[in-house]
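Examining the three-dimensional arrangement
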Amino acid sequence: MSLVPIRWVSQQECASREEDTAGTPPDASTDVTPDVTSDVTQPAVKLALLDQRLLPGETREVLLEDARGVATAITDMVVRGAPAIGIAAAYGVALEAFVINREGGDWQSRLASACDVLAASRPTAVNLFWALDRMRKVIAAHATRSQPPYEALLKEAVRIHEQDLDDNLRMAEFGAQVIAASLAQGETRCEAMTHCNTGALATGGHGTALGVIRTAYAQGILGRVHVNETRPWWQGSRLTAWELVQEKIPARLAVEGAASLIMQQGARTPEGVRWLIVGADRIAANGDTANKIGTFSLAVQARAHGIKVMVVAPLATFDGTLASGADIPIETRDAAELREAGGRQIAPQDIDVFNPVFDVTPHEYIDAIVTEHGVVESPDSDSVGALLGRAMRR
Ligand SMILES: CSC[C@H]1O[C@H](OP(=O)(O)O)[C@H](O)[C@@H]1O
């Protein structure tokens, strides 16, 4: 994908930018590795987020200057996607440290408050809390300093960003191997269905589930992708379809309601749909997986049609404190998201609305969880625990 969804804007660039407002994002070939030095005589640093609410029709960046601005951008889904939310929050802590450096004051309480504001931005994606814990460790390691550790915090945010891309590339290889091993006798490739957006827009690059799809297509073992619209935010039609069209990966968009028909037809077709490949926002210790609303229903339908279910997520998405998915906090969003679409009213204002934006797929409906440390087949407490144990020992 050619655009950079999350980009640190250095003081030098801020000094040279003509307009101090959102602008057109640079191409991915632009070096986004920030200069961590800080010069208080220069303009403030900023975080540029590609405003995903405007895609695919418009590509514009939103520029943020502090943690509260980044938290609002996460809540308003300017940036979304479990890993991307964590990356943006990490940069938000570094931004706040820069501001405190210039303004002075009790940096530890101000930075702690900034972490709390970011932690309150969205409740389900555990990557957000994992990233903030990483930043809090850096803060604690510099507790005796008179100034916030801006350079160390920015370096940690960059590490989190770059590590996510590395993890995605490793997961993509593992996931493609699982698909290749699943091909039936006489089949050289198959098709897959995906839900929501799990691509470069939701991560540090390449993607989780969509990263597996990208790599499997490049290896010639994936023929076509079935993209679910994914209401009410249309991440499938607005974001996943956009990423796939950009890269000319064969894809077909459909309403979620067509999923069973597509699976039924695909199961009967040579080299048809053989996998439902999705991301995750929080995975419990037994493999129960919270993901975009509709995933649970799709997994049940896949099972009914003999189609396998693959969840793709880095270890930062696992929450070992939860024995099962029963206690995963499920975000519910504003009723207006269902009563309106594209600025037009599509339901009576008086209708009651139920708008949970995630659900939990029981591990029994998942055939494989793909992580950067390997694959868990038929996940349960034992197999997930064994993977997490192996990963911790590395
Ligand atoms: C790479 S995981 C992305 C994950 O996040 C999405 O939710 P949202 O767009 O509301 O942040 C969805 O659950 C995806 O699977």
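The protein chain appears in an unreviewed UniProt entry as Methylthioribose-1-phosphate isomerase from Cobetia amphilecti. Under the Catalytic activity (unreviewed entry) heading, UniProt states for the protein chain: "5-(methylsulfanyl)-alpha-D-ribose 1-phosphate = 5-(methylsulfanyl)-D-ribulose 1-phosphate". UniProt, in the comment section headed Pathway (unreviewed entry), describes the protein chain in these words: "Amino-acid biosynthesis; L-methionine biosynthesis via salvage pathway; L-methionine from S-methyl-5-thio-alpha-D-ribose 1-phosphate: step 1/6."

Broken down by element type, the protein chain carries twelve helices and 16 strands. Computed over C-alpha atoms, the radius of gyration of the protein chain comes to 21 Å, within 12% of the 21 Å expected from 2.2 N^0.38 for 394 residues, which places it in the range of a compact globule. The principal-axis extents of the C-alpha atoms in the protein chain amount to approximately 65 × 50 × 45 Å. Counting every position in the protein chain, which comprises 394 residues, the buried fraction comes to 55%. Of the charged side chains in the protein chain, 36 are positive and 50 negative, and the gap between their average positions amounts to 3 Å.

Moving on: a positive patch on the surface. There is a patch of like positive charges on the surface, built from Arg170, Arg390, Arg393 and Arg394. Its place among the elements puts Arg390 in helix 12 (residues 381–393).

This part takes up the packing of helix 9 (residues 259–267) against helix 10 (residues 295–304). Each pair of packed helices gets described by two things: the angle between the helix axes and the distance between those axes. As a packed pair, helix 9 and helix 10 sit with axes 10 Å apart at the nearest point and diverge in direction by 25°. Comparing the axis directions of helix 9 and helix 10 gives the class roughly parallel. Every pair of crossing elements has a handedness; the one defined by helix 9 and helix 10 is right-handed. Of helix 10, the residues touching helix 9 (which contributes Ala259, Ser260 and Met263) are Leu298, Gln301 and Ala302.

This chain's UniProt record puts "site: Transition state stabilizer" (unreviewed entry) on Cys196. Within the element layout of this structure, Cys196 appears in the loop between strand 4 (190–194) and helix 7 (209–218). Take Cys196: its relative accessible area is 8%, and that puts it in the buried class. Contacts of Cys196, omitting those with residues within four sequence positions, involve Arg80, Asn228, Thr230, Gln235, Gly236, Thr240 and Lys292.

Two pairing modes exist for strands in a sheet, parallel and antiparallel, and in both the strands are linked by backbone hydrogen bonds. On the basis of which strands lie adjacent, the open sheet formed by four strands has the order 11-8-9-14 and mixed pairing. The sheet is open, and its two borders are formed by strand 11 (318–319) and strand 14 (358–361), each paired with just one other strand. Pairing analysis gives two bridges linking strand 8 (residues 282–284) to strand 11, with the strands arranged parallel. Counterpart to Ala284 in the pairing with strand 11 is Asp319.

Attention now moves to helix 3 (residues 82–103). Under the 1.5 Å per step criterion, the end-to-end length of helix 3 is 32 Å for 22 residues, consistent within 8% with the ideal 32 Å. For helix 3, a buried count of 20 out of 22 residues is recorded, marking the element as mostly surrounded by other parts of the structure.

Right, let's talk about the environment of Ala391 for a bit. As for its position among the elements, Ala391 is in helix 12. In this structure Ala391 comes out as buried when scored by relative accessible area, which is 8%. Along the sequence, Ala391 and Thr371 sit 20 residues apart, while their C-alpha atoms lie 10.0 Å from each other.

Within this structure, the stated rule accounts for one cavity of 30 Å³ or more. For the largest cavity, the calculated volume is near 190 Å³. Every residue lining the largest cavity is counted, 24 residues in all, and those nearest its centre are Arg80, Gly81, Ala82, Asn197 and Asp281. For the lining of the largest cavity, the secondary structure elements donating two or more residues are helix 3 and strand 9 (289–292). Residue composition of the lining of the largest cavity, by class: ten nonpolar, ten polar and four charged.

Attention now goes to the packing of helix 4 (residues 107–119) against helix 5 (residues 126–141). One can describe the packing of helix 4 onto helix 5 by two numbers: an axis separation of 10 Å at closest approach and a directional angle of 170°. As judged from the angle between their axes, helix 4 and helix 5 are roughly antiparallel. Of the residues in helix 5, those in contact with Trp107, Leu111, Cys115, Asp116, Leu118 and Ala119 of helix 4 are Leu128, Phe129, Leu132, Arg136 and Ile139.

Let's shift gears to the pairing of strand 7 (residues 273–278). On a regular strand, one side chain projects to one face of the sheet and the next to the other, so that they alternate. Burial within strand 7 is extensive, with five of its six residues counted as buried. Inspection of the sheet shows strand 4 paired to strand 7 by four bridges, in the parallel sense. Residue Ala192 lies in a different strand from strand 7, and its bridge partner there is Trp275. Inspection of the sheet shows strand 7 paired to strand 10 (residues 308–312) by four bridges, in the parallel sense. When the sheet's bridge partners are listed, Ile277 is paired in strand 10 with Met310.

Rules behind the numbers
Residues numbered from 1 in each chain as written. Predicted model: local features only at pLDDT ≥ 70, side-chain atom pairs only at ≥ 80, totals over all residues. Heavy atoms only, no water. UniProt positions renumbered as here; feature names shortened; annotations may be inferred. Helix = DSSP H or I, 4+ residues; strand = E, 2+ residues; numbered from the N terminus. Rg over C-alpha atoms; globule rule 2.2 N^0.38 Å. Buried < 20%, exposed > 50% of the residue type's maximum accessible area, 1.4 Å probe, protein only. Lys, Arg positive; Asp, Glu negative; His and termini not counted. Charge placed at Lys NZ, Arg CZ, Asp CG, Glu CD. Patch = residues over 30% accessible without salt bridge, like charges linked within 9 Å, V, L, I, M, F, W, Y side chains within 5 Å. Areas by Shrake-Rupley, 256 points an atom, 1.4 Å probe, with all protein chains shown as cover. Salt bridge = Lys/Arg side-chain N within 4 Å of Asp/Glu carboxyl O. Axes fitted to C-alpha atoms, helices over the stretch in contact; angles between N-to-C directions. Parallel < 35°, antiparallel > 145°, perpendicular 65-115°, else oblique. Left-handed = near helix turned anticlockwise from the far one by under 90°. Contact = heavy atoms within 4.5 Å. Pairing = 2+ DSSP bridges. Expected span 1.5 Å × (residues − 1). 1 Å grid on protein atoms, 1.4 Å probe; cavity = no way out; pocket = protein on both sides within 12 Å on 5 of 7 lines; lining within 4 Å. Points joined across faces, edges and corners; volume = space filled by probe spheres on them. Nonpolar A, V, L, I, M, F, W, Y, C, P; charged D, E, K, R; others polar.

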